[in-house]
Amino acid sequence: MAALRNVMRGLCSGHLSLYGIKSLQYKPTGILCQLPCKSSYQRRLFTNKNMMVELDSNTGVAVIQMKKPPVNSLSLEFLTEFAINMEKLEMDRECRGVVLTSSIPKIFSAGLDINEMYGKTPEHTGEFWRAVQEIWLKLYGSNLVTIAAINGASPAGGCLLAMACDYRIMADNPKYAIGLNETKLGIVAPFWFKDTMINVIGRRATEHSLQLGLMYSTSEALKIGLVDQLVAQDKIMTTALSVMSEWLAIPGHARQITKSMMRKPTLDRLLTNRESDIQNFVNFISKDSIQKSLQLYLEMLRQRKG
Ligand code: CO8
């Protein structure tokens, strides 16, 4: 069983060198103190600029906290750090599950950093899109149990991150919304965003959602199955850790093979079309009309603040 687990881990690796990994810091800390543990704690903390990862080797659970003010927007730097952290956890024999959450109050993630798509060279835009693909491939294709603890607003790429996980728990706050709102920005969610959403909420709901760029309230999101569970804000981590222990009670190899069986066709579709998807994105985003839409959207966001 252990050998199979190692093989499956090996299958999932291979991109580490792309990012020029630096060794991550280690120091003991405390977010996982609430987990019931049998014996002495063994916690490891990886801190990066944009996220903090805490792995409890006693339970096998890592918590990734996104911490990029003001809104956890997914910049190239952020995505690169995220991919490195996922790779490290995937390879870590002690890690069995990941909870993804945010340390920014009221925000899970605002999605892709629009500044990475506006006024940039085609080379930069292509590199950025490859990093977006990479984090989706890593999360959606992870052998680990992945739980999104959505503790704030989660538009577009934020929703994609959550949908790529195995289970979604959202803080029940009437101010929070989640969805793929791309059409509202004048852009189009790519096929693998669409495929991921279909796999979560079904075809009809996805078509409705994508054409109108719908953002759902927490209760609507629960109703259509975009999230699995709503809980009070202060219960989100304890709930996530308790759900995690249920998932980890299932024999790992059986769960992993089942997950792979469900997700492989969707992953393969991007893997076989990866370069053309990058080219399509670069061509699309470079159009004058799309650049204009993004400019107006950025201005709207800034004015709204004022
Ligand atoms: N990228 C960059 N900056 C952002 C983003 C973003 N996605 N979202 C917000 N910001 C900035 C704002 O401009 C503002 O900047 P500044 O302080 O300089 O004025 C700052 O963050 C704070 O924003 P708010 O004042 O709006 O913060 P609030 O707490 O009031 O609201 C929200 C937070 C709800 C997250 C709100 O900011 C929001 O709705 N943001 C926009 C979210 C969005 O529409 N994201 C879509 C990104 S596109 C994507 O993810 C998928 C693209 C697929 C591409 C396919 C093409 C082919």
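The model shown is predicted, which means the values in this text are computed figures rather than measured ones.

Overview of the overall build of the protein chain
A count of helices and strands for the protein chain gives 11 helices and 11 strands. Expressed as a percentage of its 306 residues, the buried residues of the protein chain come to 51%. At a minimum sequence separation of 6, the contacts of the protein chain that also span at least 24 residues come to 72%. For the protein chain, the accessible surface area stands at approximately 14200 Å², while carbon and sulfur atoms represent 57% of it.

What about the confidence of the model for the protein chain?
Of all residues in the protein chain, 86% have pLDDT values of 70 or greater, and the mean over the chain is 89. Between residues 1-38, whose pLDDT stays under 50, and residues either more than four places distant or in other chains, the model counts 77 contacts.

Topic: the sheet that holds strand S8 (residues 167-171)
If you trace the 7 strands from one edge of the open sheet to the other, you get S1-S2-S3-S4-S6-S8-S11, paired in mixed fashion. At either margin of the open sheet sits one strand with a lone partner, and together these are strand S1 (43-47) and strand S11 (229-231). Here the strands of the sheet are splayed against their neighbours by 20° on average, with no regard to which way each runs. Judged from the 5 bridges that link them, S1 and strand S2 (residues 51-56) form a sheet pairing that is antiparallel. Note on S2: the bridge partner recorded for Leu 45 is Glu 54.

So, the sheet that holds strand S5 (residues 106-107)
As summarised here, the arrangement of the 4 strands in space is S5-S7-S9-S10, forming an open sheet in which the pairing is mixed. Whereas interior strands pair on both sides, the edge strands pair on one side only; in this sheet they are S5 and strand S10 (216-217). Judged from the 2 bridges that link them, S5 and strand S7 (residues 152-155) form a sheet pairing that is parallel. By the bridge assignment for S7, Lys 106 is matched with Gly 152.

What about the pattern of salt bridges?
One pass over the structure, following the stated rule, counts 16 salt bridges. The partner of Lys 49 in a salt bridge is Glu 77, and the shortest N-O contact between them spans 3.2 Å. Within this pair, whereas Lys 49 is found in the loop between S1 and S2, its partner Glu 77 is found in helix H2 (residues 76-91), the two being separated by 28 residues in sequence. Accessibility expressed as a relative area gives 56% for Lys 49, which makes it exposed. A salt bridge links Asp 234 to Lys 235; the nearest nitrogen and oxygen atoms lie 3.9 Å apart. Through salt bridges with shared partners, one network takes in Glu 87, Glu 134, Lys 138 and Arg 274.

A word on the environment of Phe 281
Positionally, Phe 281 belongs in helix H10 (residues 274-286). Overall, the relative accessible area of 10% leaves Phe 281 in the buried class. Along the sequence, Phe 281 and Thr 125 sit 156 residues apart, while their C-alpha atoms lie 8.1 Å from each other. Setting aside residues no more than four positions away along its own chain, Phe 281 makes contact with Met 117, Thr 125, Phe 128 and Trp 129.

As for the packing of aromatic side chains
Tallied over the full model, the rule gives 8 aromatic pairs. With centroids separated by 3.9 Å and ring planes inclined at 10°, the aromatic side chains of Trp 129 and Phe 281 adopt a geometry described as stacked. Here Trp 129, found in helix H3 (residues 122-140), pairs with Phe 281, found in helix H10; they are 152 residues apart in sequence, far enough to count as distant. Residue Trp 129 is classed as buried on the basis of its relative accessible area, which comes to 3%. Linked through ring pairs, Trp 129, Trp 136, Tyr 140, Trp 192, Phe 193 and Phe 281 together constitute an aromatic cluster. It is Lys 88 that lies over the ring of Phe 46; its NZ or CZ is 5.3 Å from the centre.

Side note on helix H5 (residues 191-201)
Looking only at H5, the buried set comprises Trp 192, Phe 193, Asp 195, Thr 196, Met 197, Ile 198 and Ile 201. Looking at the residues trailing H5, positive phi occurs at Gly 202, about 95°.

A short note on the packing of H5 against helix H6 (residues 203-212)
Interaxial distance between H5 and H6 falls to 7 Å at its minimum, and their mutual angle equals 130°. What the angle tells us is that H5 and H6 run oblique. As H5 packs across H6, the resulting crossing turns out to be right-handed. On H6, the residues that touch Lys 194, Met 197, Ile 198 and Ile 201 of H5 are Arg 203, Ala 205, Thr 206, Ser 209 and Leu 210. Here the contact of H5 with H6 is built from residues that sort into 5 nonpolar, 2 polar and 2 charged.

Describing the pairing of strand S6 (residues 145-150)
In terms of burial, S6 is largely enclosed, as 6 of its 6 residues are buried. Across 4 bridges, strand S4 (residues 97-102) lies against S6 in parallel orientation. Along S6, the bridge assignment pairs Val 99 with Ile 147. Here S6 runs beside S8; their pairing, made up of 4 bridges, is parallel. Directly across from Ala 149, in S8, lies its bridge partner Ile 169.

Definitions and cut-offs
Residues numbered from 1 in each chain as written. Predicted model: local features only at pLDDT ≥ 70, side-chain atom pairs only at ≥ 80, totals over all residues. Heavy atoms only, no water. Helix = DSSP H or I, 4+ residues; strand = E, 2+ residues; numbered from the N terminus. Buried < 20%, exposed > 50% of the residue type's maximum accessible area, 1.4 Å probe, protein only. Contact = heavy atoms within 4.5 Å. Areas by Shrake-Rupley, 256 points an atom, 1.4 Å probe, with all protein chains shown as cover. pLDDT = per-residue confidence, 0-100. Pairing = 2+ DSSP bridges. Axes fitted to C-alpha atoms, helices over the stretch in contact; angles between N-to-C directions. Salt bridge = Lys/Arg side-chain N within 4 Å of Asp/Glu carboxyl O. Phe/Tyr/Trp six-rings, centres within 6.5 Å; stacked < 30°, edge-to-face > 60°. Lys NZ or Arg CZ within 6 Å of the ring centre and 35° of its normal. Parallel < 35°, antiparallel > 145°, perpendicular 65-115°, else oblique. Left-handed = near helix turned anticlockwise from the far one by under 90°. Nonpolar A, V, L, I, M, F, W, Y, C, P; charged D, E, K, R; others polar.

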